[in-house]
Amino acid sequence: AEAKAQYIREHTPPPFTLSYLGTFGPPTRRFAVFSDGKTIYNVPEGERITGNFVLSHLGYESVDVSYTLLPEAPPQRVAAGTAKPGAPGVPGAAVPPR
């Protein structure tokens, strides 16, 4: 059981903690906007967002985020307004109480 748990840890990307605010721009130059609570990131499809995360697909109400260190892992789908800044590892953000 421990070997399986270790395998999952080593092959699971860390959670993507930025908030996806939406998609903007003209149809030929659309980009996604993310925030960590302090900084705004404007990212076209296929470009790096932050760290080892890449915007792999730009949808209408969600985006797919891939983790470059684990290319075999499925992308994480992030819907607009759902990710919460403040997850562990996000500097300067308070973790909301549960």
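All figures in this text were calculated on a predicted structure; none of them were measured in a lab. (Residues numbered from 1 in each chain as written. Predicted model: local features only at pLDDT ≥ 70, side-chain atom pairs only at ≥ 80, totals over all residues. Heavy atoms only, no water.)

Under the counting rule described, the total for this entry stands at five aromatic pairs. Aromatic pair phenylalanine 16 and phenylalanine 53: ring centres 5.1 Å apart, planes at 70°, arrangement edge-to-face. Taken together, the residues span a long stretch of sequence, with phenylalanine 16 in the loop between α1 (2–10) and β1 (19–24) and phenylalanine 53 in strand β5 (residues 53–58) at a distance of 37 residues. Phenylalanine 53 carries the same exposure label as phenylalanine 16, and that label is buried. On the numbers, 5.1 Å between centres and 55° between planes, the contact of phenylalanine 53 with tyrosine 67 is tilted. One end of the pair, phenylalanine 53, is in strand β5; the other, tyrosine 67, is in strand β6 (residues 62–67), and 14 residues separate them in sequence. Residue classification places phenylalanine 53 among the buried positions, given a relative accessible area of 9%. For tyrosine 67, a relative accessible area of 17% translates into the label buried. Members of the aromatic cluster, each reached through a chain of ring pairs, are Phe16, Tyr20, Phe34, Phe53 and Tyr67. (Phe/Tyr/Trp six-rings, centres within 6.5 Å; stacked < 30°, edge-to-face > 60°. Helix = DSSP H or I, 4+ residues; strand = E, 2+ residues; numbered from the N terminus. Buried < 20%, exposed > 50% of the residue type's maximum accessible area, 1.4 Å probe, protein only.)

Reading across from one edge, β4-β5-β6-β7 is the order of the four strands in this open sheet, with antiparallel pairing throughout. Unpaired on one side and paired on the other, β4 (48–50) and β7 (76–79) mark the two borders of the sheet. Geometrically, the sheet is characterised by an average inter-axis angle of 40° between neighbouring strands, direction not taken into account. (Pairing = 2+ DSSP bridges. Axes fitted to C-alpha atoms, helices over the stretch in contact; angles between N-to-C directions.)

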